[in-house]
Every structure is written in C-alpha cells, then in structure tokens.
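Here are the chains, one letter per residue:
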Amino acid sequence: MSIQALEIKDLAVGYGDVSVLRGLSLTVGQGQLVALIGANGAGKTTLLRTISGLLKPKGGSINLDGVAVQGQPAHKVVESGFVQSPEGKQLFLEMSIRENLLVGAHNKRARAVRDQTLQEVFELFPILEERQKLPASSLSGGQQQMVAVGRALMAKPKLLALDEPSLGLAPIMVDRLFESIKRIRKLGVTVLVIEQNVFKVLQMADYGYVLENGRISLHGSGPELLADEHLRATYLGM
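Rules used throughout
- Residues numbered from 1 in each chain as written.
- Predicted model: local features only at pLDDT ≥ 70, side-chain atom pairs only at ≥ 80, totals over all residues.
- Heavy atoms only, no water.
- Pairing = 2+ DSSP bridges.
- Helix = DSSP H or I, 4+ residues; strand = E, 2+ residues; numbered from the N terminus.
- Contact = heavy atoms within 4.5 Å.
- Axes fitted to C-alpha atoms, helices over the stretch in contact; angles between N-to-C directions.
- 1 Å grid on protein atoms, 1.4 Å probe; cavity = no way out; pocket = protein on both sides within 12 Å on 5 of 7 lines; lining within 4 Å.
- Points joined across faces, edges and corners; volume = space filled by probe spheres on them.
- Nonpolar A, V, L, I, M, F, W, Y, C, P; charged D, E, K, R; others polar.
- Phe/Tyr/Trp six-rings, centres within 6.5 Å; stacked < 30°, edge-to-face > 60°.
- Lys NZ or Arg CZ within 6 Å of the ring centre and 35° of its normal.
- Polar contact = N/O pair within 3.5 Å; in protein donor to acceptor, adjacent residues only side chain to side chain.
- Core = buried A, V, L, I, M, F, W, Y, C linked by side-chain atoms within 4.5 Å.
- Buried < 20%, exposed > 50% of the residue type's maximum accessible area, 1.4 Å probe, protein only.

**Student:** Please provide a residue-by-residue account of the sheet that holds strand β5 (residues 67–68), values included.
**Tutor:** On the basis of which strands lie adjacent, the open sheet formed by four strands has the order β2-β1-β4-β5 and antiparallel pairing. Edge positions in the open sheet fall to β2 (18–28) and β5, since each of these has one partner strand only. Sheet contacts for helix α1 (residues 44–51): β1 (6–15), β2 and β4 (59–64); angle to β1, the most-contacted strand, approximately 110 degrees.

**Student:** Give me the lowdown on empty space enclosed by the protein, citing residues and values where you can.
**Tutor:** Tallied over the entire structure, the rule returns one cavity of 30 Å³ or more. In this structure, the largest cavity encloses a volume near 40 Å³. Forming the boundary of the largest cavity are Ala5, Leu64, Asp65, Ser80, Gly81, Phe82, Lys158 and Leu159. Across the lining of the largest cavity, the residue classes break down as four nonpolar, two polar and two charged.

**Student:** Outline the packing of aromatic side chains, supporting the account with residue identities and numerical values.
**Tutor:** Going through the model one piece at a time under the given rule, you end up with one aromatic pair. Over the aromatic face of phenylalanine 178 sits the side chain of lysine 200, whose NZ or CZ is 6.0 Å from the ring centroid.

**Student:** Residue-level account of the side chain of glutamine 84, with values.
**Tutor:** Among the secondary structure elements, glutamine 84 is positioned in strand β6 (residues 82–85). One polar contact links glutamine 84 to serine 52, side chain to side chain, over a distance of 2.8 Å. Excluding its chain neighbours within four sequence positions, the residues that come into contact with glutamine 84 are Leu48, Arg49, Ser52, Ala152 and Ala161.

**Student:** If you had to explain the nonpolar core to someone new, which residues and values would you point to?
**Tutor:** With 49 residues, the main nonpolar core has Leu101, Leu128, Ile181, Ile184, Val191, Leu202 and Leu231 as its most contacted residues. Considering each element in turn, this core owes the most residues, seven residues, to helix α7 (residues 141–154). Discounting chain neighbours no more than four positions away, the residues touching isoleucine 184 are Leu124, Val149, Leu153, Leu160, Val189 and Val191.

**Student:** How would you summarise the layout of surface pockets if you had to cite specific residues and measurements?
**Tutor:** To find leftover empty space, a probe the size of one water molecule is rolled over the atoms. Taken as a whole, the largest pocket holds about 710 Å³ of empty space. Forming the boundary of the largest pocket are 26 residues, of which Val78, Val83, Gln84, Pro86 and Arg151 lie nearest the centre. Contributing elements (two or more residues each) for the lining of the largest pocket: α1, α2 (74–80), β6 and α7. Here the lining of the largest pocket gets five residues from one element, more than from any other, and that element is α2. Split by residue class, the lining of the largest pocket holds 12 nonpolar, nine polar and five charged. Lining the second largest pocket are Arg109, Thr117, Glu120, Val121, Leu153, Lys156, Pro157, Lys158, Leu187 and Val189. Top element by residues in the lining of the second largest pocket is helix α5 (residues 114–124). It accounts for three residues. Split into classes, the residues belonging to the lining of the second largest pocket amount to five nonpolar, one polar and four charged.

Right, here's the structure in full:
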C-alpha cells in the first residue's frame with residue numbers, strides 16, 4: 001500500500017463554539033496536483049491553517065507521508081515538508097526580492113541547499129533574478145505572487161499548498177502562473193491548490209475536491225468534476 005503525501009480523516013475544526021470543518025476527509029497522492037474548490041467561507045483557508053499547525057483540530061487526523069502531524073507546532077509541520085503560500089502574498093515589501101526569497105529557507109533541511117534552491121526558483125521565475133536587488137514593493141501583483149510562490153519553494157516542500165494564487169491577477173499573469181504551477185509539479189513537488197478559477201485549475205488537476213459548508217460535497221478527477229451539473233451550475237454559471 002503506497003503512502004499518501006497527505007491523508008486527512010474526519011477532521012473537525014472550529015473557532016470557539018462555531019464549527020467550520022465537520023468530519024472532513026481527503027487524500028493527496030505523491031506527485032499529484034490536487035484542487036480544492038469552494039465558495040468564500042466554506043472552510044478552505046481554515047483547512048490549510050489547521051494542516052499547517054496554526055489551528056488545533058477538535059477531532060480527526062492529519063498525516064504527512066504517513067506521519068501524524070495534527071497538533072504539531074507550525075515550524076515542525078514545515079520541517080515535515082508541508083509548506084503553504086498564503087492568500088494575499090504577505091511579502092515584506094521594503095525588503096529586496098532576494099531577501100524575501102531567502103526568508104523561506106529557514107528550516108534546517110532547506111538551509112543546507114539554499115543556494116541551489118534559489119537558482120531553481122530563478123530558473124522558474126527569471127524576472128526575479130533580474131530584479132532580485134529591488135524591493136518587493138517595486139513589482140506588479142503578478143510578480144509579487146511569483147515571489148510568494150518562490151519563497152514557499154525555498155522551504156523545500158514535499159507538499160506545496162497554494163491559497164488563491166491567481167486572486168486579483170491580470171489574465172495574462174494568471175496564464176503564466178498556472179504554467180509555473182505545472183512546471184513545479186514536474187519538478188516532483190506534490191501540489192494542493194485552493195483556487196476560485198475553477199475551470200483553469202480543474203483542467204490541470206489530477207483530482208479535485210469541492211468543499212461546501214465544512215464538508216466535502218463532491219470529489220473526482222478534473223474532467224469528472226467539470227462534467228458535474230451541480231459544479232457547473234454553482235461554480236461555472238453554466
């Protein structure tokens with residue numbers, strides 16, 4: 001039996017008395033690109049924060065490469081290989097692009113290969129190498145998103161989680177970003193993408209989950225979900 005990169009079973013999470021995730025289960029296979037879809041408030045970011053160790057679950061289990069990580073502190077989860085690029089980029093805008101990237105290589109495993117990983121990020125996003133000495137504030141929104149993704153890659157993730165990476169980007173930058181995500185996957189990194197551009201993300205996903213009211217309501221391959229009448233009506237307006 002193969003070990004899943006991520007396996008979540010019966011996860012329950014809430015804020016105080018408010019329940020957000022209710023018995024949620026999903027898996028992400030090694031080397032897969034998996035999409036997580038849902039409306040605002042469905043619990044997508046709560047799920048990422050819980051996997052990352054920023055929230056403690058009230059029940060259920062989270063395994064990374066077969067090892068339980070629920071309740072672990074965030075830095076331990078990163079060391080285990082789960083790294084996320086958060087919604088809204090959250091860069092240090094007055095620091096240089098290079099400095100922002102190097103912030104990602106903080107854990108011991110990443111520090112050991114920092115220079116090599118930096119070159120890999122520059123190969124993925126050449127514009128960042130050209131402008132590496134400039135402050136992050138000098139970049140466009142799409143370029144800042146490249147920095148955010150590159151910073152996450154600097155942590156040497158086994159599983160990279162991207163939270164709304166295309167949010168607010170111009171269409172041409174969305175296309176470039178999605179091409180970069182495909183290339184990241186080809187490098188052997190498992191990818192979990194939370195994305196409201198449903199059509200684009202399901203076109204490239206190996207598998208997808210639809211999160212509604214704290215529960216998984218649909219799941220299947222990208223083509224299966226794109227053909228589902230409920231998903232087409234609710235998320236594609238068709």
